[in-house]
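# Architecture and fold: a report
Chain by chain, the residues run as shown.
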Amino acid sequence: MGTIILYPSPGMGHLVSMVELGKFILKHHPSFSVVVLTLIPSFNTGTTASYVRHISATFPGISFHHLPDIPLDPLLYPSMEAIIFDLIRRSNPNVNNALQSISLSSNVIVFIIDMFCTPAMSLAANYNIPVYYFFTSGACCLAQFLHFPTIHRTTTESFKDMNKLVHSPGLPPIPSSEMISPLLDRTSTDYSDFLDFCEHFPKAAGIIDNTFDSLEPKAIKAITDGLCVPDLSTPPLYCIGPLVAAGGDGSHECLNWLDLQPSRSVVYLCFGSLGLFSANQLKEIATGLEMSGHRFLWVVRSPPSEKKEDRFLPPPEPDLSLLLPEGFLDRTRDRGLVVKKWAPQVAVLSHESVGGFVTHCGWNSVLEAVRAGVPMVAWPLYAEQRFNKVVLVEEMKLALPMDETDGGWVTATEVEKRVRQLMEAEEGKAVREVATARKEEAARAMEEDGSSRVSLSKLVGSW
Ligand code: UDP
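Report on the accompanying structure. (Residues numbered from 1 in each chain as written. Predicted model: local features only at pLDDT ≥ 70, side-chain atom pairs only at ≥ 80, totals over all residues. Heavy atoms only, no water.)

### Re the pattern of salt bridges
Threshold: The salt bridge definition used is simple: a Lys or Arg side-chain nitrogen within 4 Å of an Asp or Glu carboxyl oxygen. The helix count covers DSSP runs of H or I at least four residues long, the strand count covers runs of E at least two residues long, and both are numbered beginning at the N terminus.
Counted under the stated rule, the structure contains 17 salt bridges. Among the ionic pairs, Arg153 bridges to Asp231, the shortest N-O distance being 3.0 Å. In this pair, Arg153 sits in helix H6 (residues 139-154) while Asp231 sits in the loop between helix H9 (217-224) and strand S9 (237-239), placing the two residues 78 residues apart along the sequence. Two residues, Arg420 and Glu416, come together in a salt bridge whose shortest N-O distance is 3.0 Å. Taken together, the residues Arg420 and Glu416, both in helix H17 (residues 412-424) and 4 residues apart, mark about one turn of the helix. Here the residues in one salt-bridge network are Glu178, Arg386 and Glu404, joined through shared partners.

### Some remarks on the sheet that holds strand S13 (residues 354-359)
Filter applied, for reference: Here a strand pair is declared whenever DSSP counts at least two bridges between the two strands. Lines fitted to C-alpha atoms define the axes, with helix axes restricted to the stretch in contact, and inter-axis angles between N-to-C directions lie between 0 and 180 degrees. Contacts were defined at the residue level, with two residues in contact if any of their heavy atoms lie within 4.5 Å.
Sheet architecture is open: 6 strands sit in the order S12-S11-S10-S13-S14-S15, paired in parallel fashion. Each edge of the open sheet carries a strand with a single partner, namely strand S12 (336-340) and strand S15 (399-401). In this sheet, neighbouring strand axes are inclined to one another by 20° on average, regardless of whether the strands run parallel or antiparallel. Sheet strands in contact with helix H11 (residues 279-292) are strand S10 (266-270) and strand S11 (295-300), and its direction is about 170° off that of S11.

### Structural notes on the site of the ligand
The line we're drawing: The criterion for a residue being near a molecule or strand is simple. One of its heavy atoms has to lie within 4 Å of it. Polar contacts, as used here, are pairs of N or O atoms within 3.5 Å; protein pairs need one atom able to donate a hydrogen and one able to accept it. Residues neighboring in sequence count only if both atoms are side-chain atoms. Only the protein chains shown count as cover for residues, and the accessible areas themselves come from Shrake-Rupley with a 1.4 Å probe. Throughout this entry, Asp, Glu, Lys and Arg are counted as charged residues, while Ala, Val, Leu, Ile, Met, Phe, Trp, Tyr, Cys and Pro are counted as nonpolar. The remaining residues, Gly among them, count as polar.
The environment of the ligand is formed by 17 residues, the closest being Ser273, Ala343, Ser365, Glu368 and Tyr382. Contact between the ligand and Ser273: an oxygen atom at 2.4 Å from a side-chain N or O atom of the residue. One of the side-chain N or O atoms of Ser365 is found 2.6 Å from an oxygen atom in the ligand. About the coverage of the ligand: the protein hides 85% of its 540 Å² of free accessible area. Tallying contributions element by element places helix H15 (residues 363-372) first for the shell around the ligand, with 4 residues. Residue composition of the shell around the ligand, by class: 6 nonpolar, 8 polar and 3 charged.

As structure tokens, then:
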């Protein structure tokens, strides 16, 4: 019937979410075909390449068009975002070639891009292909981004220096220091790039968001009522989530260990694909966990390397005997498991023995917890995670806050206190009840007449 071109930004999280969108569309509208444009930086090929091979082999409706590599030196850039933006900008001629060649051989009906891929938006006009955004974080974050150009025009100060609450339609007041991190400093290039992206949102034919109506009703209403972009019309919003990647390794040792633990007794700690802590902070977490007396499953990675050239490489295998307090593993042997580097998170969160999740508040992790009905402790680290924490704690009531002292340090006492609250106290009971309700709503949203399926039908109808 037609071809859908998806253009995710590089980075596993965005690629996986985009592919889930493709799978979701094909599941309910199998006559379409999906082509994913992939941009795999040469300094980071490993996991992405094997994931692409796996999807190609298992989903015949999805094919991949690899954009030529652009050689660049990661050490010349101030941030990972800066590398990605430059890669995307410099890939534009290749994206143009891809659109041209795919359009020659098939009937392309829509071009769906990640927010970071905004530079490719103008190309689609040459081929009369409508452009939609796929937004991989929540509607609250989307509402904030949509409103950001208005805030930019009405102030000259950086969020990092404002020291006040920021009020935006559909959102709880956000302390300016907790704003989405690339927006904090208006003199940075990341700030200008994000401003540019945000100004492009209203030009899209539609915005697809990985969330569901009853998770973020106020933000969704503010967006659809046009309150976030007061001076322009807002494109239609399609909330089609929660889309969660199935799977991972179903035979991982930690799942066997979870089988042996009592129902809802284990607190799971994991900080996304990039979250790293200093050696001192790891020791402090260990001490807090030990003091809490609770069962735990903890994913531990090596601290960030001090060498500049290692900045963008995955950290090496952690040496637990060096990183954790002496005797910690022995003393907690009967109630705790430390997993190195990576756990099959979706399977872990859906396991009956898991009763709580200490998370960095990445949106995929949040959706995976919501879908599994697991309450959270919010310990944000990077990107939009500090913003997500405010939303999870103040608005959604799905998480307890992990409080930091100056400089982002979290004490063992704070870890102990929050784990205890989550697992045994009234505060934990309250967030657990909300999590259970959202789990049921998430499942309902994905049923045939559920809000996300209705949204998907409207979206496909708009093509
Ligand atoms: N993840 C996992 N095991 C880990 C760490 C992360 O399976 O040990 C998965 C997690 O389930 C989620 C993704 O990696 O799907 C992380 O995405 P998120 O948006 O939460 O955070 P990011 O890594 O993008 O900061």
